Amino acid sequence: MPEKSGKSRPDVGGIGISSPQRIIDARSGATKLQLAQYYLAVGDWITPHLANRPLSIVRAPEGVGGESFFQRHCGRLKMPHMRVLDKSLDPEHARLIQADSVTAVVEAAQMGTIEFHTWNARSDRIDRPDRIVFDLDPDPELPWTRMIEATRMTLDLLGELGLKAFLKTSGGRGMHVVVPIERRQSWDCINEFARGVTLRLATEAPERIAGKMGPKNRVGKIFVDYLRNQRGASTVAAYSARARPGLPVSVPITREELDQITGADQWSILNLHERLDSQSKDPWSDYASTRQTISARLLKDLTGH
C-alpha cells in the first residue's frame with residue numbers, strides 16, 4: 001500500500017495524488033492513482049524516451065471520454081519538477097517543457113496528464129532531428145494482418161536503403177517505425193526523405209498503401225504517415241499510456257514479435273508489467289548504438305532528384 005501524504009493524497013514517488021480513486025477509464029475501471037503508480041513503476045523504461053526532448057502532454061482531467069487538452073507548456077499547472085526550456089527554442093510561443101525524471105512524469109499525471117509525446121530532436125540541438133518516425137495509420141475496417149504486412153513492407157524498404165529501424169505499437173490502431181539517425185540533416189531534408197519513403201511504398205503497392213493523409217484516401221488502405229518529421233511535431237513516447245478505452249500503452253517490440261502480437265493496443269497500464277517481468281532484454285537495446293545518416297545520395301536514390 002502506498003504511504004499517505006496528508007489526509008487523502010497517497011504518495012507516489014514523492015508526489016501526492018489528489019482524487020486517487022477517481023475512475024479515469026470506464027472500460028478497465030482504472031483509477032487516477034493506478035495511472036500514477038504505473039508511471040512510477042515504468043520510470044526506468046519511459047524516462048530515457050522522454051529525457052532531453054521537448055515534450056507535449058495530453059491532459060484528460062476527467063479521464064478517457066472527457067475533454068482533453070494537448071499542450072507544450074506548463075501554463076498554470078503546478079509542475080515544479082518539469083524542466084522549462086529556454087524561450088529561444090520556440091520564441092513565438094510559451095516556453096517548451098521537458099520531463100527528465102520520473103518525478104516530473106508522475107507530477108504531470110497528478111495534473112491530469114495521460115499521454116506523453118516527444119519531438120524527433122533533442123533540446124540541445126533542436127534544429128537537427130535525431131530520428132525519423134513513420135506512423136502507420138489504417139482504415140479502421142482493415143484486419144490486423146494488413147497492418148503487419150504494411151509494417152513489413154516499410155521495414156523492407158528501409159532495409160533496402162541501408163537503414164535499421166525499430167518498432168513499437170502505437171497504443172492505438174497502428175504501428176510506429178522509428179529510424180535513429182545522426183544529427184546532421186535539417187528538418188526539411190528529413191521530411192523530404194520520409195515523404196519519399198511513403199510515396200515509394202504507395203507507388204509500389206497502390207492498392208494497399210495510401211500516399212496522402214485523410215480518411216477518404218485510406219479507404220481499404222494504410223497511410224504511412226510521414227508528417228511527424230517536421231519541426232514542432234511530436235509522437236507518443238514509448239511506454240506512454242493512451243487516452244483511449246482500456247488505457248493501452250505504446251510498447252517497443254522486436255521485429256520477430258510482429259507476427260505474434262494481436263493488435264496495437266495489446267498492452268495496457270494494467271498488464272504491461274507481465275511483459276516487462278518476462279523480457280530477457282530490452283527490444284530496443286541497440287537503439288542508442290545505431291549510427292546511420294541520411295546522405296544526399298540516399299535521398300537522391302529515393303526521390304530521384
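Residues numbered from 1 in each chain as written. Predicted model: local features only at pLDDT ≥ 70, side-chain atom pairs only at ≥ 80, totals over all residues. Heavy atoms only, no water.

## A short note on the overall build of the protein
Consideration 1: Helix and strand counts for the protein stand at seven helices and 17 strands.
Consideration 2: The C-alpha radius of gyration computed for the protein amounts to 19 Å, which stays within 12% of the reference 19 Å derived for 305 residues, consistent with globular compactness.
Consideration 3: Summarising its shape, the C-alpha atoms of the protein cover approximately 65 × 45 × 40 Å along the three principal directions.
Consideration 4: Out of the 305 residues in the protein, the part that is buried amounts to 53%.
Consideration 5: For the protein, long-range pairs separated by at least 24 residues make up 68% of all intrachain contacts whose partners lie at least 6 apart in sequence.
Consideration 6: Surface summary for the protein: the accessible area is close to 14,000 Å², and the carbon and sulfur share equals 47%. (Helix = DSSP H or I, 4+ residues; strand = E, 2+ residues; numbered from the N terminus. Rg over C-alpha atoms; globule rule 2.2 N^0.38 Å. Buried < 20%, exposed > 50% of the residue type's maximum accessible area, 1.4 Å probe, protein only. Contact = heavy atoms within 4.5 Å. Areas by Shrake-Rupley, 256 points an atom, 1.4 Å probe, with all protein chains shown as cover.)

## With respect to the environment of leucine 302
Consideration 1: Position of leucine 302 among the secondary structure elements: in helix 7 (residues 296-303).
Consideration 2: Considered as a pair, leucine 302 and phenylalanine 193 are 109 residues apart in the sequence and their alpha carbons are 7.5 Å apart.
Consideration 3: With near-sequence residues (within four places) excluded, leucine 302 lies in contact with Leu161, Phe193, Gly196, Val197 and Arg200.

## Some details on the pairing of strand 11 (residues 131-138)
Consideration 1: Within strand 11, seven of the eight residues are buried, which leaves it mostly tucked inside the rest of the structure.
Consideration 2: As paired elements, strand 11 and strand 13 (residues 175-180) share five bridges and run antiparallel to each other. What sits directly across from isoleucine 132, in strand 13, is valine 179.
Consideration 3: As judged from the four bridges shared by strand 11 and strand 15 (residues 222-225), these two strands associate in the antiparallel manner. (Pairing = 2+ DSSP bridges.)

## Quick look at helix 4 (residues 144-160)
Consideration 1: Counted at 1.5 Å a residue, the expected span for helix 4 with its 17 residues is 24 Å, and the 25 Å between its end C-alpha atoms agrees.
Consideration 2: When we look at burial in helix 4, the residues that qualify are Trp144, Arg146, Met147, Ile148, Ala150, Thr151, Thr154, Leu155, Leu157 and Leu158.
Consideration 3: Buried residues in helix 4 make contact with strand 11, strand 12 (166-169), strand 13, helix 5 (187-204), strand 14 (209-210) and strand 15.
Consideration 4: Looking at the residues trailing helix 4, positive phi occurs at glycine 162, about 85°. (Expected span 1.5 Å × (residues − 1).)

## Considering the sheet that holds strand 17 (residues 252-253)
Consideration 1: With mixed pairing, six strands are arranged side by side in an open sheet as 14-15-11-13-12-17. On the outer flanks of this sheet lie strand 14 and strand 17, each paired with one strand and no other.
Consideration 2: The sheet contact formed by strand 14 and strand 15 spans two bridges and is parallel. If you follow alanine 210 over to strand 15, its bridge partner there is phenylalanine 223.
Consideration 3: Each of strand 11, strand 14 and strand 15 is contacted by helix 5, which is oriented at about 35° to strand 11, the strand it contacts most. (Axes fitted to C-alpha atoms, helices over the stretch in contact; angles between N-to-C directions.)

## Considerations on the pattern of salt bridges
Consideration 1: Considering all chains together, one arrives at 20 salt bridges under this definition.
Consideration 2: With its nearest N and O atoms 2.6 Å apart, the salt bridge here joins aspartate 156 to arginine 255. Taken together, the residues aspartate 156 in helix 4 and arginine 255 in the loop between strand 17 and helix 6 (272-278) connect sequence positions 99 residues apart.
Consideration 3: According to the relative accessible area criterion, arginine 255 is partly exposed, its value standing at 34%.
Consideration 4: The closest approach of N and O atoms between glutamate 204 and arginine 200, which form a salt bridge, is 3.9 Å. (Salt bridge = Lys/Arg side-chain N within 4 Å of Asp/Glu carboxyl O.)

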